[in-house]
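Spelled out from the first residue to the last, the chains are:
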Amino acid sequence: GGSRRRLPSGDTTARQQAAGRLLPDFDPATVTSLEILSGNQVLRVQRTNETWTLTVPVRYPVQSAAVERFLTALAQLDRQSYITAAELLAQPRGLAEFGLDNPLASVFIQQGAQRKELRVGGPTPFGNRVYLQLVGADGLFAADTAFLEALPRSADDWRDTTFLNLPGLTFNRLEVRAGARGFEVQRNATNKLWELTKPMPARADNPKVEALLRTLQEARISQFVTDDPAADLDAMGLRPPEAELVFGQGTNELLVLQFGRSPTNAPTHVHARRASQSSVVLVPKTLTDPLRASFTDFRDRRLLSFAPVAADRIDVRAEGSFTLQRQTNGLRRLLDPLNVPAD
């Protein structure tokens, strides 16, 4: 005769929504790896310390937001348009009737010790939907074709297009190797300003060096060309490279970027790579313009480099010599040849 406990309406709604999902127990946060087979393309990403990394076909950083969008799309797949196993057996062509004999893609989801496989088939006869098969479950399902927008066709769709991640690089030396035009700058440990060290010691144009670094940081990869270690680097102008940019810490070389020639079908871009990796990409040609400049373009063209507010006393020695002195109130005073307030 006791009263039955009622669940809060929010919990009931959440349970009803979960029951209507194709993967009712699916939690994107628990996914440790994803593998997607599409035609002869294989893509595998691994999550380590909340960071996604591409591991197949090559180890490379990925756009984590793209992976998360795909996981969210998986979590939102519903069980509508269910085709029973009996209906499936009644089809003369079997899975081929639904494009699942040679699926558009096979998605393998790893959640701890659990591994699920979802196959993506062809479009349904009516409506913007696509057939899905959850391996191990009876029958087939259909999902909105919007799901396909989150599905990558190749690893390039998920690769991080950032060319250079400077915040993750601790360096105090920057060297440009471009034949006779090469130069080097080092950051002064005391005042943190850049100084030219090669081909001759000189003050560097700090805003210009910082602008170069910002340009590199903001640059985006236009195309992933190849990951083949046996690729013809000579044809791309990368062996030897037409220009190199070296990031160093003291005498240690932390990272070497190499730049080559433009492909005939993309004259506004050049081939580029990290010397330690086999991946070759295309980046805008404008990125290499500062590397082809003379070292004199990076020299500080000011006659003097000092902080005006730090000068307490100014002595002018000429036919009309005079002296200016800053007073304790911060104003300057003419001391010689007259002791009067200065302008």
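Residues numbered from 1 in each chain as written. Predicted model: local features only at pLDDT ≥ 70, side-chain atom pairs only at ≥ 80, totals over all residues. Heavy atoms only, no water.

1. Digging into a nonpolar patch on the surface
Phase 1: Taken together, the side chains of Leu303, Leu304 and Phe306 present a nonpolar region at the surface, about 400 Å² in accessible area.
Phase 2: Mapped onto the elements, Leu303 comes out in the loop between β17 (280-284) and β18 (313-316). (Patch = residues over 30% accessible without salt bridge, like charges linked within 9 Å, V, L, I, M, F, W, Y side chains within 5 Å. Areas by Shrake-Rupley, 256 points an atom, 1.4 Å probe, with all protein chains shown as cover. Salt bridge = Lys/Arg side-chain N within 4 Å of Asp/Glu carboxyl O. Helix = DSSP H or I, 4+ residues; strand = E, 2+ residues; numbered from the N terminus.)

2. Structural notes on the sheet that holds strand β6 (residues 114-123)
Phase 1: Pairing is antiparallel across the open sheet formed by 8 strands, whose spatial order is β4-β3-β2-β1-β5-β6-β7-β8. Looking along the sheet, the strands with just one partner apiece sit at the ends: β4 (60-61) and β8 (141-144).
Phase 2: Two elements, strand β1 (residues 33-38) and strand β2 (residues 41-48), share 6 bridges in a ladder whose sense is antiparallel. In the sheet register, Leu37 faces β2, and the bridge partner there is Val42.
Phase 3: Along the sheet, helix α2 (residues 64-75) makes contact with β1, β2, β3 (51-56), β5 (105-111) and β6, crossing β1 at roughly 85°. (Pairing = 2+ DSSP bridges. Contact = heavy atoms within 4.5 Å. Axes fitted to C-alpha atoms, helices over the stretch in contact; angles between N-to-C directions.)

3. Topic: helix α5 (residues 206-218)
Phase 1: In this model, α5 (13 residues) spans 18 Å end to end at C-alpha, consistent with the 18 Å of a helix rising 1.5 Å per residue.
Phase 2: Those residues of α5 that sit buried are Asn206, Val209, Leu212, Leu213 and Leu216. Along the axis of α5, the buried positions cluster into a sector of 125°, meaning they face one direction only. Of the exposed residues in α5, the ones pointing more than 90 degrees away from its buried face are Pro207 and Glu218.
Phase 3: Its buried side turned inward, α5 meets β9 (173-177), β10 (183-187), β11 (194-198) and β14 (243-249). (Expected span 1.5 Å × (residues − 1). Buried < 20%, exposed > 50% of the residue type's maximum accessible area, 1.4 Å probe, protein only. Arc of directions from axis to C-beta.)

4. So, the sheet that holds β17
Phase 1: Strand order in the open sheet formed by 9 strands is β12-β11-β10-β9-β14-β15-β16-β17-β13, and the pairing between neighbours is antiparallel. Each edge of the open sheet is held by one strand with a lone partner, namely β12 (202-203) and β13 (223-226).
Phase 2: Where β9 and β14 come together, 5 bridges link them in antiparallel fashion. Paired with Arg177 across the strands is Glu244, a residue of β14.
Phase 3: Seen against the sheet, α5 touches β9, β10, β11 and β14 and runs at an angle of roughly 90° to β11.

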